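What the coordinates show
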Amino acid sequence: MRSLAAQLRGEGGDSVVAVLGYGSRLFDADPNRHSAYDLVVVVDGYRRFYRALAACGRTSRSGTVLAVANWVLAPNVIAFTDADGSGELAKCVVLSRRHFDREMGARRRDHFCVGRLVQRVAVLYGRDDETVAWVHSRVRWARRDAPNWTLPFIDGPFTADDFCRRMLEVSYAGEIRPETSGRARVVHEAQRDTLRATLAPILEELAQSGALVRAGGDRYQSVRGTSTLARIRLKVYFGWSKASATLRWLKYMVTFDNWLGYLVHKVERRTGIAVQLTRIERRLPVPFLLPRTIRLLRRARGSGRPEDPGAATSAHTPGA
């Protein structure tokens with residue numbers, strides 16, 4: 001992961017502000033040798049970054065087209081392969097400094113960045129100490145905000161571990177993702193200690209302020225229910241997040257080299273469902289392949305799952 005980050009820094013030039021690592025390869029949530037590394041690349045300017053990559057032969061896409069796509073619906077996701085011949089692939093989320101600041105704050109457009117970076121994150125490169133401090137401050141803000149969009153979907157007493165698991169379930173349900181309904185639990189188990197150490201102090205602060213109350217032992221409970229207006233806002237927020245995520249799948253055709261092969265492989269790996277492409281799906285994946293892919297993902301996740309953010313659930317499991 002650090003090797004890929006160093007190559008991105010070198011080939012992206014002075015436009016690269018920071019590189020962050022996240023995802024299953026970082027916290028070992030059942031990855032295999034085909035799993036891509038997950039990186040966030042924060043840049044000063046989209047055009048400069050993409051032109052630098054093009055000059056190194058790293059993308060066949062037009063730098064201008066990629067920059068426009070990044071401005072219209074940030075972030076872009078691009079493929080970046082290790083140049084040492086290992087074939088290791090990084091799936092890179094590209095954001096300008098301005099967009100990273102926005103998407104990790106109260107003015108964010110959707111849940112894409114927050115849902116990923118409230119989890120374990122490694123700052124692999126920062127331009128200077130001030131930049132590293134800024135990145136950490138945005139991640140901390142997002143984590144402190146997590147109770148605002150997680151607690152409305154918890155009924156009854158809960159532990160810090162219950163909260164962390166439910167937070168992941170809500171995040172996963174906010175997108176159409178190539179994951180089965182139990183993926184959030186796998187991800188939670190892989191980083192249980194990290195999540196507890198990060199988020200338990202936030203819950204404790206809420207208890208000390210009176211926003212939560214102790215419910216016996218290490219359990220908490222919300223003092224008051226969520227208002228109807230707040231629930232509507234969250235429903236709209238997650239509905240738009242899911243719509244945005246679906247639009248990004250379309251955008252991958254422009255931004256992500258070999259996107260079709262990657263998509264099919266990830267769907268098969270995460271759902272266990274073999275995807276046999278027809279000739280017309282290979283030639284015209286939109287509109288012929290994408291709808292079928294979305295149906296497969298929905299079928300794999302199942303109906304009535306506890307991850308559904310449309311309904312609250314009791315998060316506490318005895319013995320959990």
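Rules used in this analysis
Residues numbered from 1 in each chain as written. Predicted model: local features only at pLDDT ≥ 70, side-chain atom pairs only at ≥ 80, totals over all residues. Heavy atoms only, no water. Helix = DSSP H or I, 4+ residues; strand = E, 2+ residues; numbered from the N terminus. Buried < 20%, exposed > 50% of the residue type's maximum accessible area, 1.4 Å probe, protein only. Contact = heavy atoms within 4.5 Å. Pairing = 2+ DSSP bridges. Axes fitted to C-alpha atoms, helices over the stretch in contact; angles between N-to-C directions. Polar contact = N/O pair within 3.5 Å; in protein donor to acceptor, adjacent residues only side chain to side chain. Parallel < 35°, antiparallel > 145°, perpendicular 65-115°, else oblique. Left-handed = near helix turned anticlockwise from the far one by under 90°. Nonpolar A, V, L, I, M, F, W, Y, C, P; charged D, E, K, R; others polar. Phe/Tyr/Trp six-rings, centres within 6.5 Å; stacked < 30°, edge-to-face > 60°.

Details of the overall build of the protein chain
For the protein chain, the count of helices and strands is 15 helices and 7 strands. In the protein chain, which comprises 320 residues, the share counted as buried stands at 52%. Taking as baseline every contact in the protein chain between residues at least 6 positions apart, the subset at least 24 positions apart corresponds to 71%.

Considerations on the sheet that holds strand β3 (residues 76-81)
Each strand in a sheet pairs with its neighbour through backbone hydrogen bonds, running either in the same direction (parallel) or in the opposite one (antiparallel). With mixed pairing, the 5 strands of this open sheet are ordered in space as β3-β4-β2-β1-β5. In this open sheet, the two strands that pair with only one neighbour each are β3 and β5 (122-126). Each neighbouring strand pair of the sheet contributes to a mean axis angle of 25°, computed without reference to strand direction. Bridge analysis of β3 against strand β4 (residues 89-96) gives 6 bridges, and the strand direction is antiparallel. Each residue of the ladder has a partner; that of Val77, found in β4, is Val93.

Description of the side chain of Ser15
As for its placement among the helices and strands, Ser15 is situated in the loop between α1 (2-12) and β1 (16-22). One polar contact links the side chain of Ser15 to the main-chain carbonyl oxygen of Gly12, over a distance of 2.7 Å. Those residues within four positions of Ser15 in sequence are excluded, and the remaining contacts are Val42, Val43, Asp44, Gly45, Arg48, Phe49 and Arg127.

Section: the packing of helix α3 (residues 46-55) against helix α4 (residues 63-72)
As a packed pair, α3 and α4 sit with axes 8 Å apart at the nearest point and diverge in direction by 140°. By the angle between their axes, α3 is oblique relative to α4. In this structure, α3 meets α4 at a crossing whose hand is right-handed. Across from Tyr46, Arg47, Tyr50 and Arg51 in α3, the residues of α4 making contact are Gly63, Thr64, Leu66, Ala67, Asn70 and Trp71. Partitioning the contact of α3 with α4 into residue classes produces 5 nonpolar, 3 polar and 2 charged.

A word on the packing of helix α8 (residues 160-173) against helix α9 (residues 183-190)
Their axes nearest at 9 Å, the elements α8 and α9 cross at an angle of 135°. By the criterion of interaxial angle, the relationship of α8 to α9 is oblique. In this structure, α8 meets α9 at a crossing whose hand is right-handed. Together, Asp161, Cys164, Arg165, Leu168, Glu169 and Tyr172 of α8 and Arg183, Ala184, Arg185, Val187 and His188 of α9 make up the contact between the two elements. Residues belonging to the contact of α8 with α9 are distributed by class as follows: 5 nonpolar, 1 polar and 5 charged.

Comments concerning the side chain of Asn76
Mapped onto the secondary structure, Asn76 falls in strand β3. On the basis of relative accessibility, which here comes to 0%, the residue Asn76 falls in the buried class. Within the local environment of Asn76, its side chain forms a polar contact with the side chain of Tyr50, the two groups lying 3.1 Å apart. The residues contacting Asn76, other than those within four sequence positions of it, are Tyr50, Leu66, Ala69, Asn70, Cys92, Val93, Val94, Lys251 and Thr255.

Some points on the packing of aromatic side chains
Tallying each qualifying case throughout the model produces 8 aromatic pairs. Judged by centre distance (6.2 Å) and plane angle (65°), the ring pair of Phe153 and Phe238 falls under edge-to-face. Highlighted residues: Phe153 in the loop between α7 (129-150) and α8 and Phe238 in helix α11 (residues 228-255), separated in sequence by 85 residues. Judged on exposure class, the residue Phe153 and its partner Phe238 are both buried.

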